Amino acid sequence: MKKVLLFLIDSMMPEVLERCVDKKKAPAFQFLMERGQYMAECTTVFPTMTASIDCSLITGVYPDQHKVPGLIWYDSTSKKIINYINGAIPIAKIGFEQCAHNVLFDLNELHLSKEVKTIHEVLEEHGLTSGSINVIAHRGHKRHKASIPFMLNAATGFRFKQKVSGPTILSLGTLVKPGIFRPITWNWSHTMPSAYGVNDAYAIDVLIEVLRSGKQPDFTLTYMPDNDHKLHRTPEKAEEHLAAVDEQLCRLLDSFSSWEQAIEKNVIILISDHGQTIVGQSDEHNIDLEQLLADFHIHRLSRGVSPSDEVVICNNERMAYLYPIADGSLSSVVEAAAVDERLDIIAWKEAEWIVVRKGGTDQEVRFRKGGVLHDCYGVAWTIQGFQSVLDLRIDQHGVVSFHDYPDALNRLFGALFAQPDPVVVVTAAPGYELLSESSPTHLGGGSHGSLHRQDSLIPLVIAGTNRKFTQPARLVDVKSFILQELAVPSVSG
Ligand SMILES: [Zn+2]
């Protein structure tokens, strides 16, 4: 049986990938695409942010089941903002120690639901071995010691005592290193400016060492973040950024006796987590949420949530969760936000229903699970109101299809039902980004988070197998594809 190598390439977009291949800038991508299946329109999870997507990739379900709502969200039980490390200033305000703890420990051990199983857990329960390199969602049955770099310890006084769980092979930059092979020669990719090894070069170094050790797990997931960081700053150089990812993949393929041998021994799968949308240059392209909600008492990041606070804003770039924590304030938060036509959609729950309004209008569509309509994934729905709000198409057989908002119903359901609390989801229209206290902004750069197809459609490349991927392709179906490839019965969750 072949082994499986899955690469999660942050912010890889189909049109950029195709341009790189056409211009002969991406030999590794080209090789794998020519020898396998290429899907240009695979749909990812909403919000289109790392963390909730990583959790969906390894569990095969949307956030309503795995319970990690986004990169940044509000936990009403602990009354704390959960931030898996996004934005230097918000992290400083919330506290580095809390954020580091959130990402190193809480995500996997507390937030990610125990009701669902990660691919690592399923594989190792079936006697196979699994590996995870630099992925923040990595829960598994083994325990690993994390060592915080001296400089980080010294600067912050942060001490991390707990062990983190993961599959047999777990690598998290220089914080958690697999014990099975010789130390990787020190270089700049291990330093703070390179995120302590959470970068493409380091990840590929580790993977090559794992392959050479003779202990390659049956499945290994490797995360490559560099493309995302660069695209946020210089989206006009998108091809250059993806070509740099290709160079790293070439280095991996070169570590085999031939590229052909790489796919004789392995099924190689390349997927992205989300796309990016270019944000306009001028200030009006930042939608100031605090200004929109000026009539409410908004929680400040630097202190805990207090009884006088009425709204907690959790900003996920082109998407935000607005938590109306004062009793009965949901509808007034909706009305305050909905006046801005730069907001694409405003969505909230009403019992089992989800209501979605188009920004700057009073047009609404409502939907709930169950009913006579079916989407192309086989889920039954009842839909009322303006279908145009979500660009839904319903044919004469009652089949719902999507265009501007891929898999819109399941994905909105996934985000809104990730938590029992009242919450309002807002997204920015194409070209815009959301602004709130100290949030990272990208005027003239790239950003993501929304439900729109630009942020939501990702490429999927599969080489080294003849097994066909389920159509229409979705990121949540990758787990069961890999389990089938490794002859493990696919259980839901
Ligand atoms: Zn990003």
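Use the structure listed above.
Bear in mind that the values here come from a model prediction, so they are computed numbers and not experimental data.

Asks: Describe the pattern of salt bridges, with residues and values.
Replies: All told, the structure shown has 24 salt bridges when counted by the stated rule. A salt bridge links Asp344 to Lys358; the shortest N-O distance between them is 2.9 Å. With Asp344 in strand β15 (residues 343-350) and Lys358 in strand β16 (residues 353-358), this residue pair connects regions lying 14 residues apart in the sequence. Residue Asp344 is classed as buried on the basis of its relative accessible area of 4%. Accessibility expressed as a relative area gives 24% for Lys358, which makes it partly exposed.

Asks: Before we move on, can you summarise the packing of aromatic side chains with the specific residues and values?
Replies: All chains considered together, the criterion is met by seven aromatic pairs. With 5.6 Å between their ring centres and 80 degrees between their planes, Phe367 and Trp381 make a pair best called edge-to-face. Placement of the pair is Phe367 in strand β17 (residues 364-375) and Trp381 in strand β18 (residues 380-385), with a sequence separation of 14 residues. Exposure class is identical for Phe367 and Trp381. Each is buried. Here the aromatic residues Phe367, Trp381, Phe413 and Phe417 are joined through ring pairs into a cluster of three or more. The ring of Phe417 is capped by Lys349, whose NZ or CZ atom sits 5.3 Å from the centre of that ring. Directly above the aromatic system of Trp353 lies the positively charged group of Arg366, at a separation of 5.1 Å from the ring centroid.

Asks: Describe in detail the nonpolar core, supporting the description with residues and values.
Replies: Core analysis: the largest hydrophobic core is formed by 84 residues, its most contacted members being Val356 and Leu390. Looking at which element gives the most residues to this core, the answer is helix α15 (residues 408-416), with six residues. The residues that make up this core include at least three from each of domain 1 (3-68 + 112-276 + 452-485) and domain 2 (283-444). Setting aside its immediate chain neighbours within four residues, Leu390 contacts Ile345, Val356, Val365, Phe367, Tyr405, Ala408, Leu409, Leu412 and Leu451.

The rules behind the values
- Residues numbered from 1 in each chain as written.
- Predicted model: local features only at pLDDT ≥ 70, side-chain atom pairs only at ≥ 80, totals over all residues.
- Heavy atoms only, no water.
- Salt bridge = Lys/Arg side-chain N within 4 Å of Asp/Glu carboxyl O.
- Helix = DSSP H or I, 4+ residues; strand = E, 2+ residues; numbered from the N terminus.
- Buried < 20%, exposed > 50% of the residue type's maximum accessible area, 1.4 Å probe, protein only.
- Phe/Tyr/Trp six-rings, centres within 6.5 Å; stacked < 30°, edge-to-face > 60°.
- Lys NZ or Arg CZ within 6 Å of the ring centre and 35° of its normal.
- Core = buried A, V, L, I, M, F, W, Y, C linked by side-chain atoms within 4.5 Å.
- Domains from an automatic or database assignment.
- Contact = heavy atoms within 4.5 Å.

Honestly, it's all geometry; don't read function into it.
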